[in-house]
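Structural description and commentary
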Amino acid sequence: MAEPLIQVDGLSKLYGRFRALDHISLSVGSNEFVAILGRNGAGKTTFLKILSLLLRPSHGHLTVAGLPASKSPNAILRQIGMVSHQVYLYNDLTARENLHFYARLYDVDGPGAVIDALLERVGLAARAREPVRRFSRGMLQRLSLARVLLHKPRILLLDEPYTGLDQKASLFLDEMLREYHRAGHCLLMVSHDIDHAVSQCERAVVFDRGRLVLDSPTAGKPDLSQTIRGFI
């Protein structure tokens, strides 16, 4: 069996006596699309923040592409892109200026051509010179997706990326994520929408009170959504 792209062993996160995560162990392959589900406060976002190295675990180990997070954070960060309902864009900069800023942070080679291609890909080429404060929620999320794709990460971490999107923007995001998955990349998505997550992803993981309580493939599981609701 190939080495997993993401390996989590006995991961815990404590805030005083409160356990946000309680001994989580999980392996994710290099071409998996995994939904992370659970009620509010189950530990989903905390888990994603640890994977993105925004938080340090209290106990346990995280390895990405064979690299221990405690020893190789910079190498790991270059393999990760993070998408959430917070778009991490600067309102007074144009779409192009925002992408140039992040391209410099990641030392993207030939950033001009890369940015032009991404703006075209997410349907914002015609709005490239407008300040993003004029953008709709859907446009902001599309630009945020372009932002995280700049450095061609192997892993996309998605924290409620559909929040506030209308149907058109949601369908666009669906297709972009499917395209990224088809290209052989790894995606982990936190979601509150059980039915959509089960239809979009190939594996569902459920957290409850900081613990991993269900880990199941979605294919051939017609009652999986109902089973998940039993935990949430």
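Since the model is a prediction, treat every value here as computed from it, not as a measurement. (Residues numbered from 1 in each chain as written. Predicted model: local features only at pLDDT ≥ 70, side-chain atom pairs only at ≥ 80, totals over all residues. Heavy atoms only, no water.)

**Let's talk about the packing of helix α3 (residues 95-105) against helix α4 (residues 111-121)**
Convention followed: Only C-alpha atoms enter the line fits that serve as axes; for helices the fit covers just the stretch in contact. Angles between N-to-C directions range over 0 to 180 degrees. The helix and strand labels rest on DSSP assignments: H or I over at least four residues marks a helix, E over at least two residues marks a strand, and numbering proceeds from the N terminus. Roughly parallel means an angle under 35 degrees; roughly antiparallel means over 145; roughly perpendicular covers 65 to 115; every other angle is labelled oblique. Crossing handedness: left-handed means the near helix sits turned counterclockwise from the far one by under a right angle, and right-handed means the same turn made clockwise. Two residues qualify as a contact provided that any one of their heavy atoms is within 4.5 Å of a heavy atom in the partner residue. Gly is put with the polar residues, along with every residue not named as nonpolar or charged; the nonpolar set is Ala, Val, Leu, Ile, Met, Phe, Trp, Tyr, Cys and Pro, and the charged set is Asp, Glu, Lys and Arg.
Where α3 meets α4, the axes come as close as 10 Å, and the angle between the chain directions of the two elements is 130°. Taken together, the axis directions place α3 and α4 in an arrangement best described as oblique. Viewed along their axes, α3 and α4 form a crossing whose handedness is right-handed. Contacts between α3 and α4 involve A95, R96, L99, H100 and A103 from the first element and P111, G112, I115, D116 and L119 from the second. The class makeup of the residues in the contact of α3 with α4 is six nonpolar, two polar and two charged.

**Here we look at the state of the cysteines**
We apply this condition: The disulfide criterion is simple: two cysteine sulfur atoms within 2.5 Å. Relative accessibility thresholds used throughout: buried, under 20% of the residue-type maximum; exposed, over 50%; partly exposed, between the two (1.4 Å probe, protein chains only).
Per the stated rule, a full pass over the model turns up zero disulfides. Between C186, a cysteine without a disulfide, and C201, which holds the nearest cysteine sulfur, the sulfur-to-sulfur distance is 11 Å. Taking relative accessible area as the criterion, C186 reaches 0% and is therefore assigned buried. Taking relative accessible area as the criterion, C201 reaches 4% and is therefore assigned buried.

**Considerations on the side chain of S191**
The test is simple: Distance and chemistry together define a polar contact, namely a pair of N or O atoms within 3.5 Å, with one atom able to donate a hydrogen and the other to accept it when in protein, and with adjacent residues in sequence counting only for side-chain atoms on both sides.
Following the sequence through the fold, S191 ends up in the loop between β8 (186-190) and α7 (194-200). When its relative accessible area of 6% is taken as the criterion, S191 is described as buried. A distance of 3.0 Å separates the side chain of S191 from the backbone nitrogen of D193, its partner in a polar contact. Once residues within four sequence positions are removed from consideration, S191 is found in contact with I36, L37, K44, E160 and A197.

**With respect to the confidence of the model for the protein**
Counted only if it meets this: The quantity called pLDDT is the predictor's confidence in a given residue, expressed from 0 to 100.
Of all residues in the protein, 99% attain a pLDDT of 70 or more, and the chain-wide mean is 94. Confidence, read as mean pLDDT per element, is least for helix α6 (residues 167-182) in the protein (91) and greatest for strand β3 (residues 33-37) (98).

**Topic: the sheet that holds β3**
Let me state the cut-off plainly: Any two strands with at least two DSSP-identified bridges between them are counted as paired.
The sheet built from six strands is open, its strands ordered β6-β7-β8-β3-β9-β10 with mixed pairing. One side of each edge strand has no neighbouring strand; the edge strands of this open sheet are β6 (80-84) and β10 (211-217). Between one strand and the next, the sheet's axes are offset by a mean angle of 15°, whatever the strand orientation. Summarising the sheet, strand β9 (residues 203-208) and β10 pair through six bridges and their orientation is antiparallel. When the sheet's bridge partners are listed, D208 is paired in β10 with R211. Of the strands in this sheet, β6 and β7 (155-159) touch helix α5 (residues 137-149), which is tilted by about 170° from β6. Sheet strands in contact with α6 are β3, β7 and β8, and its direction is about 145° off that of β8.

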